[in-house]
Amino acid sequence: MFTIPLISECGKFVSETTIGKDTFFGGKEIGNHKSMKSYLLFFCFLSILQHSYGQNYCDTPPAGTSKGGFKVNNLDLDPVRVCAGTKITVQNTTALNVQYNYNYTGGDPKPADFTATADFTYLRQGSYRILQLGSNGSGSVACKSVEVYYPPNFTVKACSGGKVQVTIPADSSTQRYDEFIINWGGNVTSKLPKAATMVASFSYPANTNAATISVVGSVAGQSLGCSKPSTSVILSTTNLSAVAIRKVAARTDGLVDVLVKGSQGATAEVQVNDGSGTFKNTGQLMTTNDTTTITVRDVNANKNTYCFRLSANDGCDNAAVISNEVCSTNLDAVAQNRQNALSWKEYPKAAGFQSYRLTRNSVSLGGISTITTTTTIDRNVTCNEQYCYQMTVLLANGVESVSPLRCVKAISNETPSVVQNAFVSVLETEQKIELRATPPASGTTPAKFKTIFLRAENGSSDFKEVAIKDNTLTYLDETADPAAQSYCYKIQYENSCGNRSEPTEPICSIRLYSKTNTTVDWTAESPFLTPVGVYWLEVYNEQGDLVQEEPLGGNTSFDPSLYNPDQQLFHYRIKAYPSNKSLISFSNFYVFTRDAIVFIPDAFSPNGDNMNDKFAPKGQFMDKSRLIIYNRWGQVLFETANAIDGWDGTVNGQPAVEGTYVYRLEITDSLGKYFVKTGTMLLAR
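Residues numbered from 1 in each chain as written. Predicted model: local features only at pLDDT ≥ 70, side-chain atom pairs only at ≥ 80, totals over all residues. Heavy atoms only, no water.

Q: Give a detailed account of the overall build of the protein, specifying residues and quantitative values.
A: Helix and strand counts for the protein stand at three helices and 56 strands. Taken over the C-alpha trace, the protein has a radius of gyration of 50 Å; the compact-globule value for 685 residues is 26 Å, which it surpasses by more than 25%. For the protein, the C-alpha atoms occupy an extent of roughly 130 × 120 × 40 Å along the three principal directions. Going through the 685 residues of the protein one by one, you find that 42% of them count as buried. Here the protein displays about 34500 Å² of accessible surface, and carbon together with sulfur accounts for 48% of that area. (Helix = DSSP H or I, 4+ residues; strand = E, 2+ residues; numbered from the N terminus. Rg over C-alpha atoms; globule rule 2.2 N^0.38 Å. Buried < 20%, exposed > 50% of the residue type's maximum accessible area, 1.4 Å probe, protein only. Areas by Shrake-Rupley, 256 points an atom, 1.4 Å probe, with all protein chains shown as cover.)

Right under this line is the structure:
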């Protein structure tokens, strides 16, 4: 326990320590000497407290100590509230020699935590305690709490009607205050209590163009003056009533484009009524004063009629303004024999209706002023021609509702026959698949027609449309890989009246590949509308020059060993003819490689009879070879960088003993392929 005799002992220690003062201070106890005695006494006192106490000094001061005292900024308050970054000054009111710990958190303080400096600045918000220890008499203890605050955060927004809105977020800084004082300028202030949502607004006089706003917080009725820099704002000229729909355009995919005229500072949300009588928010907004198109999704204007309006607001607490209402319109165009029939639904809003206006290929067909008229017939059509129609509903103030563009082609009953001489081939340079055909025998329209190409993969019968070409019977399939698989195609012809022929029988690309490591093979499906009459094999050298052609009849496989058995790599291509040889179809190029051939004996007899005297591998297409001989314990006995030279059965010039040996043969073939063979062989003399 802390006792007075200990303090006395501490004083005695300090006095004895300073007996030789004449030596250091010339016989005079000057100010520095007094200060040294005070500090020695203070730290001796603190050491005794730590040795005997070990609790919270502020909550329960050590026994025998007196009550110290100090003010902060000449205020005798507890707690003291200050802004972060503001310097505080403490004034000692009782003890003679004191030290301060400005962030005491309990337990035994350390001398390093104390300072005699009376000024201190807290930079971070939070709750702190100042511990004062005095060394006079039996020692003294005093504490005060300090609450440090950051300036409150706030945002300013200019609203319509000369109003300005201040929002204070409920963050870690603002939640420490009880209330906020907003200075709107011109000595006009308002108070805002702490809450989950803190928003306040102020309407300025009509002749006000700008305002400067600041916010401070208060705690327990005390304004702390902590403030971020004042915010200047230009008052808004937003006119919510200027927000309006200028045009509603239904699209062919069923979505609707709404052309909106906005106002700067206003947020306009599109609302939609699907006929239920209730407008619902779409969540689609525009925020500029320009004319902007907003696409409304999750609707299908091809089936239903939708009415649209705008709910405009300025993002503040002003009431929303509802714009004009505009509905979508649709149009159906049906090609009938020698005429096109047009129909639409009656526009659902009679108020503001002026007329229906029809266009054909962007040329006006005139207007219809009766809202209940919903059909018309266009008989001025020519077969084989396409006509695109559009309906526009003209409304008051230049507002429009526009239907999707509906295109039809005048029809007739003539159907073309199947295309002729269709075939498929792989182009030599591009290595892409090309299809060609000649026109049908009947039903053609040479000046204007379409060719439809359908494709199935890997022998499938699932033909899917891959291309439609205008006025040509040729198609290059850029997406096909003729080396990976065979592709089968069908071709249809569509004349300018929109009538299609039946598709052709399948024609299939020739794919050249290898089923085994000894043959080259190709697919048997015909690339012509008739069976293949004969196949030819083309052989190319490594420079790409054609060096040999071999007739193969109707075969679909070839053994490369029959041609130049000493060559390891071959370039091949197949060409095919129908029976009348009127057409020709080529396959993809294919590179065939043969594996290196290696023969390794399983025994040899180095006895000098010139028969099997060396252990030497033999083979074909061996470019590099390395031979290593091991004994049964894995020791290397012989090694050569040219395995063809072989091993003569000696080790260091002496005959090796008879028995079994292990070999390792490393080979690089003429194409650069590396492989290893290992095994055992018998040495017998």
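Q: How would you explain the state of the cysteines if you had to name every residue and give the values?
A: All told, the structure shown has six disulfides when counted by the stated rule. Covalently, Cys159 is tied to Cys316 through a disulfide, its sulfur atoms 1.7 Å apart. Torsion about the S-S bond of the Cys159 and Cys316 cystine: about -80°, corresponding to left-handed handedness. One end of the pair, Cys159, is in the loop between β9 (155-158) and β10 (163-168); the other, Cys316, is in the loop between β22 (307-313) and β23 (321-322), with 157 residues separating them in the sequence. (Disulfide = S-S within 2.5 Å.)

Q: Explain the layout of surface pockets to me, using residue names and the numbers behind them.
A: Approximately 220 Å³ is the volume found for the largest pocket. For the largest pocket, the lining is made up of 13 residues, of which Asn324, Glu325, Val326, Ala396 and Val399 are closest to its centre. A breakdown of the residues in the lining of the largest pocket according to their chemical character gives seven nonpolar, three polar and three charged. When its volume is computed, the second largest pocket comes out at roughly 180 Å³. Lining the second largest pocket we find Val272, Asp274, Lys280, Asn281, Thr282, Gln284, Val296, Arg297, Asp298, Val299 and Tyr306. With four residues, strand β20 (residues 280-286) is the single largest residue contributor to the lining of the second largest pocket. Here the lining of the second largest pocket is composed, by residue class, of four nonpolar, three polar and four charged. (1 Å grid on protein atoms, 1.4 Å probe; cavity = no way out; pocket = protein on both sides within 12 Å on 5 of 7 lines; lining within 4 Å. Points joined across faces, edges and corners; volume = space filled by probe spheres on them. Nonpolar A, V, L, I, M, F, W, Y, C, P; charged D, E, K, R; others polar.)

Q: Break down the sheet that holds strand β4 (residues 87-92) for me, with residues and values.
A: On the basis of which strands lie adjacent, the open sheet formed by three strands has the order β2-β4-β6 and antiparallel pairing. Two strands close off the open sheet at either side, each with one partner strand: β2 (70-72) and β6 (119-121). Averaged over all adjacent pairs, the angle separating strand axes in this sheet is 25°, with direction ignored. Taken together, the three bridges between β4 and β6 define a ladder with antiparallel strand orientation. By the bridge assignment, Thr89 is partnered in β6 with Asp119. (Pairing = 2+ DSSP bridges. Axes fitted to C-alpha atoms, helices over the stretch in contact; angles between N-to-C directions.)

Q: Talk me through the sheet that holds strand β40 (residues 512-513); I want residue IDs and the actual numbers.
A: Pairing within the open sheet is antiparallel, and its three strands lie in the order β40-β41-β44. Single-partner strands in this sheet number two, and they are β40 and β44 (557-558). Note that strand β41 (residues 520-522) and β44 share two bridges and pair antiparallel. Its bridge partner being in β44, Val520 is matched across the sheet by Phe558.

Q: So what's going on with the nonpolar core? Residues and values would help.
A: Ranked by size, the top nonpolar core spans 43 residues in total, and within it Val258, Phe308, Tyr347, Tyr356 and Tyr389 carry the most contacts. If you list the elements that add at least two residues to this core, you get β17 (244-250), β18 (256-261), β19 (267-273), β21 (291-296), β22, β24 (326-327), β27 (353-360) and β30 (386-395). Residues Phe154, Phe180, Leu192 and Ala211 belong to the second largest nonpolar core, which totals 23 residues. (Core = buried A, V, L, I, M, F, W, Y, C linked by side-chain atoms within 4.5 Å.)

Q: Tell me what's going on with the packing of aromatic side chains, and back it up with residues and numbers.
A: Tallied over the entire structure, the rule returns 22 aromatic pairs. Between the aromatic rings of Phe604 and Trp647, the centroid separation amounts to 5.7 Å while the plane-to-plane angle is 55°, which identifies the pairing as tilted. Of the two residues, Phe604 is situated in strand β49 (residues 603-604) and Trp647 in the loop between β52 (636-640) and β53 (650-651); the sequence distance between them amounts to 43 residues. Grouping residues by exposure puts Phe604 and Trp647 together as buried. Between the NZ or CZ atom of Lys490 and the centre of the ring of Phe463, over which it lies, the distance is 4.6 Å. (Phe/Tyr/Trp six-rings, centres within 6.5 Å; stacked < 30°, edge-to-face > 60°. Lys NZ or Arg CZ within 6 Å of the ring centre and 35° of its normal.)

Q: Can you explain unusual backbone geometry? Please cite residues and give values.
A: Put simply, Asp78 and Pro79 share a cis peptide bond, and its omega is 10°. One can find Pro79 in the loop between β2 and β3 (80-83). A positive phi angle, near 50°, is found at Asn361, a position not held by glycine. Here Asn361 lies in the loop between β27 and β28 (363-368). Accessibility expressed as a relative area gives 39% for Asn361, which makes it partly exposed. You will see that Asn610, though not glycine, has its phi angle at about 60°, which is positive. Note on Asn610: relative accessible area 73%, which makes it exposed.

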